[in-house]
Amino acid sequence: MHKMHKSFRTLVHNDHFLKLLNNQKSRFLRPELYSTSAHAGRAIISKAAVAWEAGKPLVIEKVEVAPPQASEVRVQIKYTSLCHTDVYFWEAKGQTPLFPRIFGHEAAGVVESVGECVKNLKPGDHVLPVFTGECGDCPHCKSEESNMCELLRINCDRGVMIGDGKARFSQNGTPINHFLGTSTFSEYTVIHEGCLAKIDPKAPLDKVCILSCGVSTGLGATLNVAKPKKGSSVAIFGLGAVGLAAAEGAGISGASRIIGVDLNPNRFEQAKNFGANEFVNPKDHNKPVQEVIAEMTDGGVDRSLECTGNINSMISAFECVHDGWGVAVLVGVPTKDAIFKTNPMKVLDERTLKGTFFGNYKPRSDLPSLVDMYMNKKLEVEKFITHRLPFSEINRAFDLMLKGESLRCIISMEE
Ligand SMILES: NC(=O)c1ccc[n+]([C@@H]2O[C@H](COP(=O)([O-])OP(=O)(O)OC[C@H]3O[C@@H](n4cnc5c(N)ncnc54)[C@H](O)[C@@H]3O)[C@@H](O)[C@H]2O)c1
Ligand SMILES: [Zn+2]
Ligand SMILES: [Zn+2]
């Protein structure tokens with residue numbers, strides 16, 4: 001598998017090389033292609049929220065953002081929000097610590113300039129960055145069933161660009177690590193073209209930015225992976241933005257019982273607006289929550305979605321589905337060393353365990369249509385937005401998420 005990955009990359013690089021030459025030729029004939037932004041081809045000084053150490057407040061600093069290289073795009077981020085995955089890797093409790101680092105992956109922006117070989121984007125295009133990409137050429141991108149692109153799939157531990165293994169961010173010559181290939185806590189960032197979805201320029205970036213991770217992930221986890229039937233029962237573990245989007249998906253599918261599970265009782269009232277109609281707080285019971293749910297549902301729910309990242313919650317989410325047909329979908333990101341432990345009889349009894357990144361959506365192919373659904377009023381995103389803050393107060397967004405007070409907090413880069 002590893003070997004295949006390597007040879008695929010080599011192929012991609014050779015291909016890039018040829019395209020690079022062709023591109024240079026055509027630019028020679030069409031000089032207008034050079035006219036991008038005033039900074040095209042040069043480094044930009046950008047304000048960025050740098051995480052110097054695990055768990056320490058981010059510091060807004062001036063950093064240098066190098067120009068985009070082959071297949072890369074430099075994006076001016078207009079709005080970013082905070083997803084729990086940023087918090088986990090910033091805390092680095094049970095995740096690989098990699099510092100200094102610029103976090104952020106849920107965002108919206110405008111293309112500032114493009115590197116060689118970039119085919120599908122040009123300066124001025126409105127884009128949503130996605131933590132997992134779509135090269136369009138690999139077996140996963142060609143498969144209808146997978147969004148796990150061979151080249152650009154999520155890699156939480158990489159802090160550099162895949163093209164040349166270097167960071168595009170630096171300060172006084174010291175490189176600063178990227179995060180998830182997106183690093184959106186910066187006015188300017190460099191992203192591989194395959195991790196950018198081009199969207200309707202009329203879409204309000206301060207709203208659709210949350211489609212670039214949490215909301216699409218939760219929605220897709222239900223609609224594309226769990227696929228509950230009309231009239232069925234669905235349990236959602238974790239009622240943050242991801243879980244609530246999963247609940248919304250259950251409602252769209254016609255599920256009749258949508259059981260929200262959370263340790264934070266303040267979430268329950270809010271979750272009613274997303275279709276959840278029954279609630280369980282594991283703290284209120286002196287037996288495992290899977291038993292509580294099995295009793296409530298005559299043997300188990302038809303589908304469950306795990307959206308907390310807690311390993312015990314993942315096991316409960318699996319064990320609470322009905323034997324014979326139940327399907328559990330893991331969405332929450334576990335710690336690096338987590339081990340999923342269950343009695344294999346639970347599986348033999350015809351329960352299915354699945355997992356998903358980005359709700360199985362292919363970022364470049366599918367995200368523009370989610371934005372269109374929002375524009376056509378078929379999908380609501382405003383109700384996920386509980387807070388707004390200027391970039392200078394980004395650390396408050398971390399506090400709000402850690403205290404369980406926010407769903408999504410939109411951070412405006414220009415304030
Ligand atoms: N698979 C993917 O593609 C993907 C994408 C985005 C986010 N995620 C992951 O999804 C998860 C949710 O993200 P979010 O931004 O909605 O987070 P969040 O912090 O807003 O919400 C998490 C919710 O889970 C609850 N919770 C925590 N531990 C619990 C437990 N043991 N039992 C019951 N409830 C518990 C919290 O009270 C909170 O309401 C995170 O693990 C995040 O990393 C995965
Ligand atoms: Zn996310
Ligand atoms: Zn691919």
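Basis of the calculations
Residues numbered from 1 in each chain as written. Chains lettered and ligands numbered in written order. Predicted model: local features only at pLDDT ≥ 70, side-chain atom pairs only at ≥ 80, totals over all residues. Heavy atoms only, no water. UniProt positions renumbered as here; feature names shortened; annotations may be inferred. Helix = DSSP H or I, 4+ residues; strand = E, 2+ residues; numbered from the N terminus. Rg over C-alpha atoms; globule rule 2.2 N^0.38 Å. Buried < 20%, exposed > 50% of the residue type's maximum accessible area, 1.4 Å probe, protein only. Contact = heavy atoms within 4.5 Å. Areas by Shrake-Rupley, 256 points an atom, 1.4 Å probe, with all protein chains shown as cover. Lys, Arg positive; Asp, Glu negative; His and termini not counted. Charge placed at Lys NZ, Arg CZ, Asp CG, Glu CD. pLDDT = per-residue confidence, 0-100. Near = heavy atom within 4 Å. Polar contact = N/O pair within 3.5 Å; in protein donor to acceptor, adjacent residues only side chain to side chain. Nonpolar A, V, L, I, M, F, W, Y, C, P; charged D, E, K, R; others polar. Domains from an automatic or database assignment. Pairing = 2+ DSSP bridges. Axes fitted to C-alpha atoms, helices over the stretch in contact; angles between N-to-C directions. Donors = N, O, S within 2.8 Å, 3.2 Å for Na, K, Ca; no water. Tetrahedral: all angles 85-135°; square planar, octahedral: opposite > 155°, others 65-115°. Right-handed = clockwise from strand over helix to strand, strands pointing away.

Identification of the chain as Alcohol dehydrogenase from Malus baccata is taken from an unreviewed UniProt entry. Looking at the chain in UniProt, the text filed under Subunit (unreviewed entry) is "Homodimer." In its Subcellular location (unreviewed entry) section, UniProt records this for the chain: "Cytoplasm".

## Comments concerning the overall build of the chain
When you go through the chain residue by residue, the secondary structure sums to twelve helices and 17 strands. Computed over the C-alpha atoms, the radius of gyration of the chain is 22 Å, within 12% of the 22 Å expected from 2.2 N^0.38 for a compact globule of 415 residues. Across its three principal axes, the chain shows a C-alpha extent of roughly 70 × 45 × 40 Å. Looking at the chain residue by residue over its 415 residues, the buried ones come to 54%. Residue pairs at least 24 apart in sequence account for 70% of intrachain contacts in the chain once pairs closer than 6 positions are excluded. Just so you have it, the chain exposes about 18,200 Å², and 53% of that area is on carbon and sulfur atoms. Where the 48 positive side-chain charges of the chain centre and where its 47 negative ones centre are 4 Å apart.

## Some words on the confidence of the model for the chain
On average, residues of the chain score 92 in pLDDT, and 91% of them are at 70 or above. Throughout residues 1-35 the model reports pLDDT below 50, and contacts reaching past four residues in sequence, or to other chains, amount to 29 contacts.

## What to know about the site of ligand 1
In the region of ligand 1, 28 residues are neighbours, and His84, Thr85, Asp262, Val331 and Phe358 sit closest. The side chain of histidine 84 places a nitrogen or oxygen atom 2.4 Å from an oxygen atom of ligand 1. In this structure, an oxygen atom belonging to ligand 1 sits 2.6 Å away from a side-chain N or O atom of aspartate 262. Relative to its unbound accessible area of 860 Å², ligand 1 is 90% covered by the protein chains. Secondary-structure elements contributing two or more residues to the shell around ligand 1 are α2 (84-91) and α6 (241-252). Broken down by element, the shell around ligand 1 gets its largest block of residues, three residues, from α2. Considering only residue class, the shell around ligand 1 consists of 14 nonpolar, eleven polar and three charged. The residue makeup of the shell around ligand 1 includes at least three contributed by each of domain 1 (20-212 + 381-412) and domain 2 (217-357).

## Let's talk about the sheet that holds strand β1 (residues 44-50)
Read from one edge of the open sheet, four strands run β1-β2-β6-β7, paired in antiparallel fashion. Each of the sheet's edge strands pairs with one partner strand only, and the pair in question is β1 and β7 (174-176). Strand-to-strand twist in this sheet, taken as the mean axis angle between neighbours without regard to direction, amounts to 50°. Note: β1 against strand β2 (residues 59-65), seven bridges, orientation antiparallel. The residue bridging lysine 47 from the neighbouring strand is lysine 62, located in β2.

## What to know about the coordination of the zinc ion (ligand 3)
The coordination sphere of the zinc ion (ligand 3) contains the protein donors Cys135 (SG), Cys138 (SG), Cys141 (SG) and Cys149 (SG), at a distance range of 2.3 to 2.4 Å. In this structure, the zinc ion (ligand 3) is surrounded by four donor atoms whose angles at the metal cover 104 to 116°, and the resulting shape is tetrahedral. In the primary sequence, the donor residues of the zinc ion (ligand 3) line up as C-x2-C-x2-C-x7-C. Both residues of the pair, cysteine 135 and cysteine 141, belong to the buried class.

## A few points about the pairing of strand β11 (residues 257-261)
The buried count for β11 comes to four of five residues, which makes it a mostly enclosed element. Strand direction decides the pairing type here: strand β10 (residues 233-237) and β11, joined by five bridges, are parallel. Directly across from alanine 235, in β11, lies its bridge partner isoleucine 259. Where the polypeptide runs from β10 across α6 and back to β11, its parallel neighbour, the crossover connection is right-handed. In terms of strand pairing, β11 meets strand β12 (residues 278-280) through three bridges, oriented parallel. Bridge pairing in β12 places glycine 260 opposite phenylalanine 279. Crossover handedness for the path β11 to helix α7 (residues 266-271) to β12: right-handed.

## What about the UniProt feature "domain: Alcohol dehydrogenase-like C-terminal" (unreviewed entry) in the chain?
UniProt feature "domain: Alcohol dehydrogenase-like C-terminal" (unreviewed entry): in the numbering of this structure it lies at residues 241-373. Summarising residues 241-373: 38% helix, 15% strand, and an end-to-end C-alpha distance of 18 Å.

## Structural notes on the coordination of the zinc ion (ligand 2)
All of the protein donors around the zinc ion (ligand 2) are Cys83 (SG), His105 (NE2) and Cys213 (SG); their distances to the metal are 2.0 to 2.3 Å. The motif formed by the donor residues of the zinc ion (ligand 2), counted along the single chain, is C-x21-H-x107-C. Of the two residues, histidine 105 is situated in the loop between α2 and β4 (106-114) and cysteine 213 in the loop between α4 (205-208) and α5 (214-226); the sequence distance between them amounts to 108 residues. Accessibility assignment for this pair places histidine 105 and cysteine 213 in one class, buried.

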